[in-house]
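Given next are the chains, with one letter for each unit.
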Amino acid sequence: MAMSRGKRRVGAVRVPPGAIPAARPGPPGGKRDTNRQRRVEALCRAAVPLFLAGGIESVRIDEITAAAGVAKGSFYRYFDDKAGLVETLFVP
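Residues numbered from 1 in each chain as written. Predicted model: local features only at pLDDT ≥ 70, side-chain atom pairs only at ≥ 80, totals over all residues. Heavy atoms only, no water.

What to know about the packing of helix α1 (residues 31-54) against helix α2 (residues 61-68)
We count it as follows: Axis definition: a line fitted to C-alpha atoms, over the contacting stretch in the case of helices. Angles run 0 to 180 degrees between N-to-C directions. Helix and strand definitions follow DSSP, with helices as H or I runs of at least four residues and strands as E runs of at least two, each counted in order from the N terminus. When describing relative orientation, an angle under 35 degrees is termed roughly parallel and one over 145 degrees roughly antiparallel, while 65 to 115 degrees is termed roughly perpendicular and anything else oblique. Each crossing gets its handedness from the near helix: less than a right angle anticlockwise from the far helix is left-handed, clockwise is right-handed. We call two residues in contact whenever any of their non-hydrogen atoms come within 4.5 Å of each other. Residues are sorted three ways: Asp, Glu, Lys and Arg are charged, Ala, Val, Leu, Ile, Met, Phe, Trp, Tyr, Cys and Pro are nonpolar, and all the rest, Gly among them, are polar.
Across the interface, α1 lies against α2 with an axial gap of 8 Å and an inter-helix angle of 120°. Compared by their axis directions, α1 and α2 come out oblique. Read as a crossing pair, α1 and α2 show a hand that is right-handed. Residues Ala42, Leu43, Ala46, Ala47, Leu50 and Phe51 of α1 form the contact with α2, whose own contacting residues are Glu63, Ile64, Thr65, Ala67 and Ala68. Classifying every residue of the contact of α1 with α2 by side-chain character gives nine nonpolar, one polar and one charged.

Printed below as a string of structure tokens:
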């Protein structure tokens, strides 16, 4: 993945470094950290096309998690709600 200005690139979306929770066990760059990053990236990648196709308001968290291939509980581990995901995706 290309790195640019402190943000990880996810498809056509840049995920800010603060989007991935830091208060989880495991050293930076370790297996848990890598898995965390992959899940957040998967959720972001899954959400963008759904938002573009149906609009942010109509997309449900269940649809995002199903498209990302992660459990619904994983979504709430990384984001408080859909607004948190949208904020992560569209922060300038």
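Digging into the pattern of salt bridges
The condition is simple: Whenever a carboxyl oxygen of Asp or Glu lies within 4 Å of a side-chain nitrogen of Lys or Arg, that contact is scored as a salt bridge.
Evaluated as defined, the whole model comprises three salt bridges. Residue glutamate 41 pairs with arginine 45 through a salt bridge whose shortest N-O separation is 3.9 Å. Of this pair, glutamate 41 and arginine 45 are both found in helix α1, four residues apart, which corresponds to roughly one turn of the helix. When the shortest N-O distance is used, the salt bridge between lysine 72 and aspartate 62 registers 3.0 Å.

None of the figures reported here should be taken as evidence of function without further support.
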